[in-house]
Amino acid sequence: MAASIPHLDECLSPHWEMRQKDHVKLVWHEPFEGVRRVRALAWTCDCRAVVYELLQAGGQAFIRRTTQTEPTSKIKETHRWPIEEARRVWHALLLGEMR
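Figured I'd write up the structure that's included with this text. (Residues numbered from 1 in each chain as written. Predicted model: local features only at pLDDT ≥ 70, side-chain atom pairs only at ≥ 80, totals over all residues. Heavy atoms only, no water.)

**Side note on the overall build of the chain**
- Helix and strand counts for the chain come out as one helix and five strands.
- Going through the 99 residues of the chain one by one, you find that 35% of them count as buried.
- Summed over its atoms, the accessible surface of the chain is roughly 7100 Å², and 53% of this surface lies on carbon and sulfur atoms. (Helix = DSSP H or I, 4+ residues; strand = E, 2+ residues; numbered from the N terminus. Buried < 20%, exposed > 50% of the residue type's maximum accessible area, 1.4 Å probe, protein only. Areas by Shrake-Rupley, 256 points an atom, 1.4 Å probe, with all protein chains shown as cover.)

**Some details on the nonpolar core**
- Residues Leu26, Tyr52, Leu54, Ile63, Trp90 and Leu93 are the most contacted members of the largest nonpolar core, which totals 18 residues.
- Every element with two or more residues in this core is listed here: strand E1 (39-43), strand E2 (50-57), strand E3 (60-67) and helix H1 (83-94). (Core = buried A, V, L, I, M, F, W, Y, C linked by side-chain atoms within 4.5 Å.)

**Considering the environment of valine 51**
- Relative to the helices and strands, valine 51 is located in strand E2.
- Note on valine 51: relative accessible area 11%, which makes it buried.
- Each C-alpha atom, one on valine 51 and one on threonine 66, is 5.2 Å from the other, the two residues being 15 residues apart in sequence.
- With near-sequence residues (within four places) excluded, valine 51 lies in contact with Thr44, Cys45, Asp46, Arg64, Arg65, Thr66 and Gln68. (Contact = heavy atoms within 4.5 Å.)

**Considering H1**
- Taking 1.5 Å of rise per residue, 12 residues should cover 16 Å, and H1 covers 16 Å from first to last C-alpha, within 8% of that figure.
- Elements that come into contact with the buried residues of H1 comprise E1, E2, E3 and strand E5 (81-82).
- The positive-phi residue at the C-terminal boundary of H1 is glycine 96, with phi of around 85°. (Expected span 1.5 Å × (residues − 1).)

This is the structure in structure tokens:
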């Protein structure tokens, strides 16, 4: 039996809004391989093809974007910010003000 896609009101994690016309473009990089201990602070629902995670490592935070494709997902990350600044960027990303 194939898994069904949940209705948006059934999802537990937030969904990102479509990007605004005048949104700020984030710079996305290949994942940094040097950090092993990463803590997830927040994430968006995985019912969409693109999932975002707010991650913390070494006293800083960054956003990871995973585009769910077959056979392998594509992962990109922002640079690192102080945690409070990363939370502001995360909030703007969810509202479509940054992408």
